[in-house]
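# Observations on chain architecture
The chain contents come next:
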Amino acid sequence: MNFETLAIHAGQTPDPTTGAVMTPIYQTSTYAQDSMGEAVYDYARTINPTRSALQDCIAALEGGAHGLAFSSGMAAADTVLRLLKPGDHLVASNDVYGGTFRIFTKVYADYGLRFSFVEMSDPDAVRKAIQPDTRMVWVESPTNPLLKVADIAAIAGLKGAARLAVDNTFATPYLQQPLALGADIVVHSTTKYLNGHSDVVGGAVIVNDDETFTRLKFLQNAVGAVPGPLDCFLVLRGLKTLPVRMERHCANALAVAHFLERHPAVARVIYPGLASHPQHHIAARQMRQFGGMISFIAAGGPEAARRIAQATRLFALAESLGGVESLIEVPAAMTHMSVADSPLAVDPALIRLSVGIENVDDLIADLTHALAQA
Ligand SMILES: *Cc1c(COP(=O)(O)O)cnc(C)c1O
């Protein structure tokens, strides 16, 4: 079946009791059992039908055999990191989501994991960073907020025995399917495009390998960072329109990127869909389209960036991304405070846009007004 059909139907059949077309919200913590110890449904941390539908749908969209849902993207990442043991080494992008950098360096470093941050868009740098006890390579592509693109298939080819985990939050499975490119584990913040309506915090992990799945499922239940049934329902609903939303996000972002490229108040536009992007050729090969995220540097420096980000009317000044509404932010002052004073610190004149699915002329008019304040 094709992606658009899977987004609406995978993991979901009309409710056996009532025929309800939409998967019900099974808002229960426990289930009455016919006989002792034999029930499929025993306790809702372990299993919940609304969550199962979501897990199966996300797995199908990623082309994976197994999916697991979590209460946040960070909870999903945390569970994946628990596959590792003290002394294990992890190679990660030098431009990762701030919260991912924080859990690596401020949580798991204390439990004996060791980290190297490398330029993931350079396969040679990745090859050099891999050590005999490297057990995981952690890739984001495109990255947040610099939108660097890593060649996932090339990294899969040189990772050796390490597992390759790809945070696919920015691309979504509609634009890129890491498992098909050789990744072992896909991680999502479903908070972003998968839910798509800025009303849920959630996460997901998708794998093909049965053994890895068994361990992760054990951890999901043993650690317990599971999402509630209402949140699962909302993400499941959001997924149904993922393909049409992504089409509009991508078309709007490309138009906005071209507009910014020509604007004198903009020093540099970073968008994987522009020929000027350093890894444009990899993005063109690896992704269906180029996504809804754009970063740009204000020509007038950090103060100009602050003025622009506070002058938009439609683009809301807000963290997060991937919702239907457009957002603007200054990463150095907002989402990426946790990497300040580290080698991952970002340019304070950098502005990040999450381009929504509004009418693109209205978005460009809003940016025209804001850039005039620079
Ligand atoms: C938001 C985000 C996360 C963390 O997800 P939460 O749902 O906020 O916990 C991880 N990776 C990327 C790329 C993100 O954008």
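Residues numbered from 1 in each chain as written. Predicted model: local features only at pLDDT ≥ 70, side-chain atom pairs only at ≥ 80, totals over all residues. Heavy atoms only, no water.

### Remarks on the domain arrangement of the protein
As a reminder of what qualifies: Segment limits for the domains were obtained from an automatic or database-derived domain assignment. Two residues form a contact once any of their heavy atoms are found within 4.5 Å. Once two parts are put together, the accessible area they lose, assessed with a 1.4 Å probe and summed over both, is termed the buried area. Salt bridges are identified by distance alone: a Lys or Arg side-chain nitrogen within 4 Å of an Asp or Glu carboxyl oxygen. Here a polar contact means two N or O atoms within 3.5 Å. Within protein one must be a hydrogen donor candidate and the other an acceptor candidate, and residues neighboring in sequence count only if both atoms are side-chain atoms. Gly counts as polar in this scheme, as do all residues outside two lists: the nonpolar Ala, Val, Leu, Ile, Met, Phe, Trp, Tyr, Cys and Pro, and the charged Asp, Glu, Lys and Arg.
As far as domains go, the protein holds domain 1 (3–239) and domain 2 (242–371). Between the C-alpha centres of domain 1 and domain 2 there is a distance of 25 Å. Tallying the contact residues gives 44 residues for domain 1 and 41 residues for domain 2. Between domain 1 and domain 2, roughly 3300 Å² of surface is buried when both sides are summed, and carbon and sulfur atoms account for 63% of that area. The largest per-residue losses of area from domain 1 upon contact with domain 2 belong to Tyr 174, Leu 175 and Tyr 193, which jointly make up 25% of the total buried on that side. Joining domain 1 to domain 2, the criterion identifies 1 salt bridge. Across the pair Asp 151 and Arg 285 runs a salt bridge, and its minimum N-O distance is 2.6 Å. Across the domain 1-domain 2 interface, the total number found is 19 residue pairs in polar contact (both at pLDDT 80 or more). Within the side of domain 1 that touches domain 2, the residues separate by chemical class into 24 nonpolar, 14 polar and 6 charged.

### Regarding the packing of aromatic side chains
Our working rule: Each Phe, Tyr or Trp ring, with Trp reduced to its six-membered ring, pairs with another whose centre is within 6.5 Å; inter-plane angles below 30 degrees give stacked pairs, above 60 give edge-to-face pairs, and intermediate values give tilted ones. The classification of residues rests on relative accessible area computed with a 1.4 Å probe and restricted to protein chains. Under 20% of the type maximum is buried, over 50% is exposed, and intermediate values are partly exposed. Only lysine NZ and arginine CZ atoms are considered, and such an atom sits over a ring when it is within 6 Å of the ring centre and within 35 degrees of the ring normal.
The full count for this structure, using the stated rule, is 8 aromatic pairs. Taken together, a centroid distance of 6.1 Å and an interplanar angle of 50° make the contact between Tyr 108 and Tyr 111 tilted. Overall, the relative accessible area of 8% leaves Tyr 108 in the buried class. A connected cluster of aromatic rings, assembled from ring pairs, spans Phe 101, Phe 104, Phe 115, Phe 117 and Trp 138. The ring of Tyr 174 has Arg 288 lying over it, and the distance from NZ or CZ to the ring centre is 3.9 Å.

### What to know about the nonpolar core
To keep things clear, this is the line we draw: The definition of a nonpolar core used throughout is a set of buried Ala, Val, Leu, Ile, Met, Phe, Trp, Tyr and Cys residues joined through side-chain atoms within 4.5 Å. Counting from the N terminus, the helices are the DSSP runs of H or I reaching at least four residues and the strands are the DSSP runs of E reaching at least two.
Formed by 73 residues in total, the largest nonpolar core has its most connected members in Leu 239, Val 256, Leu 260, Ile 294, Ile 351 and Leu 353. A total of 8 residues in this core trace back to one element, the largest contributor, which is helix H10 (residues 242–261). Domain assignment of the residues forming this core places at least three in each of domain 1 (3–239) and domain 2 (242–371). Setting aside its immediate chain neighbours within four residues, Val 256 contacts Ile 294, Leu 353, Val 355, Val 360, Ile 364 and Leu 367.

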